[in-house]
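Here is how the chains run, residue by residue.
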Amino acid sequence: MDKLLIKGGNRLHGEITISGAKNAALPILCASLLAETPLNLSSVAALKDIDTTIKLLGMMGVKIDRNADKVSLDASEVASFEATYEMVKTMRASILVLGPLLARFGNARVSLPGGCAIGSRPVDLHIKGLQAMGAAIHIAHGYIQASTLHLPNRRLQGARYYMDMVTVTGTENLMMAASLAQGTTVLENAAKEPEVVDLANCLIKMGAKISGAGTDVITIEGVERLRGADHNIVCDRIEAGTYMVAAAMTGGEVKLLNVQAHLLDAVIEKLREAGAIVTVGTDSITVKAEGKLKAVNIRTAPHPAFPTDMQAQFMALNTVASGVAKVTETIFENRFMHVQEMQRLGADIGIDGNTALVKGVEFLDGATVMATDLRASASLVLAGLVARGETLIERIYHLDRGYEHLEAKLNALGANVQRVS
Ligand code: UD1
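This structure is a prediction, so every number in the text was calculated from the model and none was measured.

## Topic: the site of the ligand
Line of reasoning, step 1. In the vicinity of the ligand, 17 residues are found, and the nearest of them are Asp124, Thr167, Thr169, Asp309 and Ile331.
Line of reasoning, step 2. Between the ligand and the protein, one listed contact pairs an oxygen atom with a side-chain N or O atom of Asp309 at 2.6 Å.
Line of reasoning, step 3. Against a free-state accessible area of 740 Å², the protein chains account for coverage of 88% of the ligand.
Line of reasoning, step 4. Elements represented by at least two residues in the shell around the ligand include exactly helix H5 (124-132) and helix H6 (168-179).
Line of reasoning, step 5. The element contributing the most residues to the shell around the ligand is H5, with 3 residues.

And the structure:
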């Protein structure tokens, strides 16, 4: 199994280009199931989760043509409506095929995701929302079996649905399903994440009638059929945020290209509070820092508040900053898996329920640590970049799920990161 060996202490300098967002590409790839003609996507990053989604769609009969960051998906002849446990257990986002399959073919069989490193993460709201649209859903043998065959014209029926928690993939699944439903659907307490907006923009190009994406009420007037379209995936704000923290922590100066700063307001605000100088351009962000950063309190919440997917990276920043900071995780239970590993590097962190108290230390010392989930892994890389000596990160397949060409990008900025077998 591959590991990452990081020799800490280098300041990061230079420019890198941010990739297309994983969390936008995943639902948009699944949206290809809704269309009768090919959907052509660009800025699709080379990531393990994208490979998994493409494999899953291929197993259903979607014809796929992938060339560098361009992917064309032709779902004119779908033959299977199933996502097996083997696929879903490797990637929870496989649940995103449920809405499209049901809406277009009236039939879907998708495995329940099961446990996950960052908490129980149920999919009850996806299911209840589809039931509100009239779907018959049975759960048996670990699978969600859904059908519309009893409904008028075998189509989902528009409905008003209030989600009692803000769920990103839940909003996406229901928005895709409602696009082909009969009548109008109103999703209340919808997720406002930029990836939801990017999916809505793509669906609109495909012929869907959607308004309100990016607010907490999304209205979808169902249409009878959707067609393919051309769409460029929005930039990955979490990848961008991770490199911004890397620049600040190492006391360097890094310019990110292909990034829309307004998607990162909460992160930029916190970096400035920590003492970094952040300069925003039309499609670029430059982060510069000198000397010790100040520890900053973090509280995760749905967009536009501070993203849970940046919590671990700011924890890393706080470990070597001056002062004490509280990091509160409100979205996921058990999303402090990185803390024990950071403690192995010499960090001073105490946990009380969903809050971590981080006291900045003078320096971290390199050690062997283990990656547990995607963003936890990223935070260990950041810690390794500033630790004295060598840090060896095991189980880095998590990083390959979400960071395109991670070591190449870091090394281009002057880091010393090697992949070892
Ligand atoms: C998505 C992102 C993930 C990010 C998360 C929160 C993708 C592929 N993944 O995950 O990177 O960390 O949003 O921004 O886009 N919940 C329920 N019932 C449901 C659905 C969710 O109780 O049916 C709960 C979850 O357990 C969690 C909270 O709602 O506590 C938010 O989860 P959700 O927004 O659904 O996360 P994902 O969409 O899985």
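## Some words on the pattern of salt bridges
Line of reasoning, step 1. For the structure on display, the rule yields 18 salt bridges.
Line of reasoning, step 2. Its salt-bridge partner being Glu82, residue Arg109 comes within 2.3 Å of it at the nearest N-O pair. Highlighted residues: Arg109 in strand S7 (residues 107-111) and Glu82 in strand S6 (residues 82-83), separated in sequence by 27 residues.
Line of reasoning, step 3. By sharing partners, the salt bridges in this structure join Asp2, Asp400, Glu407 and Arg419 into a single network.

## Things to note about the sheet that holds strand S1 (residues 3-7)
Line of reasoning, step 1. With mixed pairing, the 4 strands of this open sheet are ordered in space as S22-S23-S1-S24. Looking at the sheet topology across the chains shown, the edges are occupied by strand S22 (368-370) and strand S24 (416-420). On average, each strand axis in the sheet is tilted by 25° relative to the strand beside it, whichever way the strands run.
Line of reasoning, step 2. As paired strands, S1 and S24 are joined by 5 bridges and run antiparallel to one another. Residue Ile6 lies in a different strand from S24, and its bridge partner there is Val417.
Line of reasoning, step 3. Helix H12 (residues 374-386) contacts S1, S22, strand S23 (390-394) and S24 of the sheet and is inclined by roughly 30° relative to S1.

## Brief notes about the side chain of Lys22
Line of reasoning, step 1. Mapped onto the fold, Lys22 is located in helix H1 (residues 22-31).
Line of reasoning, step 2. Setting aside anything within four residues of it in sequence, one finds Lys22 in contact with Leu47, Asp49, Asp236, Leu374, Arg375, Arg401 and Gly402.

## Considering the environment of Thr215
Line of reasoning, step 1. Mapped onto the secondary structure, Thr215 falls in the loop between strand S12 (209-211) and strand S13 (217-221).
Line of reasoning, step 2. Once the C-alpha coordinates of Thr215 and Lys359 are considered, the two residues, 144 residues apart in sequence, prove to be 37 Å apart.
Line of reasoning, step 3. The residues contacting Thr215, other than those within four sequence positions of it, are Ala190, Ala191 and Lys192.
Line of reasoning, step 4. Separated by 2.7 Å, the side chain of Thr215 and the backbone oxygen of Gly212 make a polar contact.

## Quick look at the sheet that holds strand S8 (residues 136-140)
Line of reasoning, step 1. Read across the sheet, 4 strands follow the order S6-S7-S9-S8 without closing on themselves; strand pairing throughout is mixed. Looking at the sheet topology across the chains shown, the edges are occupied by S6 and S8.
Line of reasoning, step 2. Of the pairings in the sheet, the one linking S7 to strand S9 (residues 143-147) comprises 5 bridges and is antiparallel in character. Bridge pairing in S9 links Arg109 to Gln145.
Line of reasoning, step 3. Here helix H4 (residues 98-105) sits on the sheet and contacts S6, S7 and S9; the angle it forms with S7, its principal contact strand, is near 160°.

## Focus on the side chain of Glu193
Line of reasoning, step 1. Relative to the helices and strands, Glu193 is located in the loop between strand S11 (184-188) and helix H7 (194-205).
Line of reasoning, step 2. In this structure, Glu193 is buried with no salt-bridge partner, the nearest side chain bearing the opposite charge being Arg237 at 4.8 Å.
Line of reasoning, step 3. At 3.0 Å, the side chain of Glu193 and the backbone nitrogen of His303 are in polar contact.
Line of reasoning, step 4. Look past the residues within four positions of Glu193 in its chain and what remains in contact with it is Val168, Arg237, Pro302 and His303.

## Focus: the packing of aromatic side chains
Line of reasoning, step 1. For the structure on display, the rule yields 2 aromatic pairs.
Line of reasoning, step 2. Between Phe81 and Phe105 the ring centres are 5.0 Å apart and the planes differ by 25°, which places this aromatic pair in the stacked class. Here Phe81 is found in the loop between strand S5 (70-74) and S6, whereas its partner Phe105 is found in helix H4, with 24 residues between them in sequence.
Line of reasoning, step 3. With 5.1 Å between their ring centres and 90° between their planes, Phe306 and Phe314 make a pair best called edge-to-face. Exposure class is identical for Phe306 and Phe314. Each is buried.
Line of reasoning, step 4. Cation over ring: Arg109 sits above Tyr143, and NZ or CZ is 3.9 Å from the ring centre.

Rules and cut-offs
- Residues numbered from 1 in each chain as written.
- Predicted model: local features only at pLDDT ≥ 70, side-chain atom pairs only at ≥ 80, totals over all residues.
- Heavy atoms only, no water.
- Near = heavy atom within 4 Å.
- Polar contact = N/O pair within 3.5 Å; in protein donor to acceptor, adjacent residues only side chain to side chain.
- Areas by Shrake-Rupley, 256 points an atom, 1.4 Å probe, with all protein chains shown as cover.
- Helix = DSSP H or I, 4+ residues; strand = E, 2+ residues; numbered from the N terminus.
- Salt bridge = Lys/Arg side-chain N within 4 Å of Asp/Glu carboxyl O.
- Pairing = 2+ DSSP bridges.
- Axes fitted to C-alpha atoms, helices over the stretch in contact; angles between N-to-C directions.
- Contact = heavy atoms within 4.5 Å.
- Buried < 20%, exposed > 50% of the residue type's maximum accessible area, 1.4 Å probe, protein only.
- Lys, Arg positive; Asp, Glu negative; His and termini not counted.
- Phe/Tyr/Trp six-rings, centres within 6.5 Å; stacked < 30°, edge-to-face > 60°.
- Lys NZ or Arg CZ within 6 Å of the ring centre and 35° of its normal.

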